[in-house]
Amino acid sequence: DKVMACAVNMDIVKKESYSFKAINTKRSYFAHTSNKLLPKEKYMIGVKTGYTSKAGPCLIARAKDGKKDILLVMLNSQNRWANTKLALDTVLDKR
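This structure is a prediction, so every number in the text was calculated from the model and none was measured.

## Let's talk about the sheet that holds strand β3 (residues 44–52)
Paired through their backbone hydrogen bonds, the strands of a sheet run either parallel or antiparallel. A sheet is described by the order of its strands in space; here 3 strands give the open sequence β3-β4-β5, paired in antiparallel fashion. If you trace the sheet from one side to the other, it starts and ends with β3 and β5 (68–74), each paired once. Taken over all neighbouring pairs, the strand axes of this sheet differ in orientation by 5° on average, direction set aside. Across 8 bridges, β3 lies against strand β4 (residues 56–65) in antiparallel orientation. When the sheet's bridge partners are listed, M44 is paired in β4 with A63. Across the sheet, helix α2 (residues 80–91) is in contact with β3, β4 and β5; its angle to β5 comes to roughly 150°.

## Here's the deal with the side chain of T49
Inspection of the secondary structure assignment puts T49 in strand β3. Setting aside its immediate chain neighbours within four residues, T49 contacts S34, C58, L59, R80 and W81.

## Focus: a nonpolar patch on the surface
Taken together, the side chains of I60, L71, V73 and L75 make up a nonpolar region of the molecular surface, amounting to roughly 400 Å² of accessible area. What makes I60 partly exposed here is its relative accessible area of 39%.

## Describing the confidence of the model for the protein
For the protein, the average pLDDT comes to 83, and 88% of its residues sit at 70 or higher. Confidence, expressed as mean pLDDT per element, reaches its minimum in the protein at helix α1 (residues 2–13) with 62 and its maximum at β5 with 90.

## Considering unusual backbone geometry
With a phi close to 65°, K26 is a non-glycine residue in the positive phi region. Note on placement: K26 falls in the loop between β1 (17–21) and β2 (28–32). Given a relative accessible area of 56%, K26 falls into the exposed group. For N76, which is not glycine, the phi dihedral falls at a positive 50°. Note on placement: N76 falls in the loop between β5 and α2. Residue classification places N76 among the partly exposed positions, given a relative accessible area of 47%.

## Here we look at the packing of aromatic side chains
Applying the stated criterion to the full structure yields 2 aromatic pairs. Taking the centre distance of 5.4 Å and the plane angle of 20° together, the rings of F20 and Y29 count as stacked. Look at F20 and you get partly exposed, because its relative accessible area is 38%. Judged by its relative accessible area of 33%, Y29 falls in the partly exposed class.

Here is what the cut-offs are and how they apply
- Residues numbered from 1 in each chain as written.
- Predicted model: local features only at pLDDT ≥ 70, side-chain atom pairs only at ≥ 80, totals over all residues.
- Heavy atoms only, no water.
- Pairing = 2+ DSSP bridges.
- Helix = DSSP H or I, 4+ residues; strand = E, 2+ residues; numbered from the N terminus.
- Axes fitted to C-alpha atoms, helices over the stretch in contact; angles between N-to-C directions.
- Contact = heavy atoms within 4.5 Å.
- Patch = residues over 30% accessible without salt bridge, like charges linked within 9 Å, V, L, I, M, F, W, Y side chains within 5 Å.
- Areas by Shrake-Rupley, 256 points an atom, 1.4 Å probe, with all protein chains shown as cover.
- Salt bridge = Lys/Arg side-chain N within 4 Å of Asp/Glu carboxyl O.
- Buried < 20%, exposed > 50% of the residue type's maximum accessible area, 1.4 Å probe, protein only.
- pLDDT = per-residue confidence, 0-100.
- Phe/Tyr/Trp six-rings, centres within 6.5 Å; stacked < 30°, edge-to-face > 60°.

What follows is the structure, encoded as structure tokens:
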């Protein structure tokens, strides 16, 4: 069950937007990604962003290009989008 939930979640985070209905209320919801790299970079699979007072601006990103599959975690990154792009471009030889 956990594997399937993870697979479903990975499919969702690849999308620029996603709509769904609550099971119990049938209320419709619409979500739009704040991932600034997803629509621009073909290698981006998905990301999760967040913020806490202790960790600051955070980002978890997954990228895949050929046989390279990268998971990048940034904590307290004041420029998380540019830093993520630089790191992934470097690892994926896109620079």
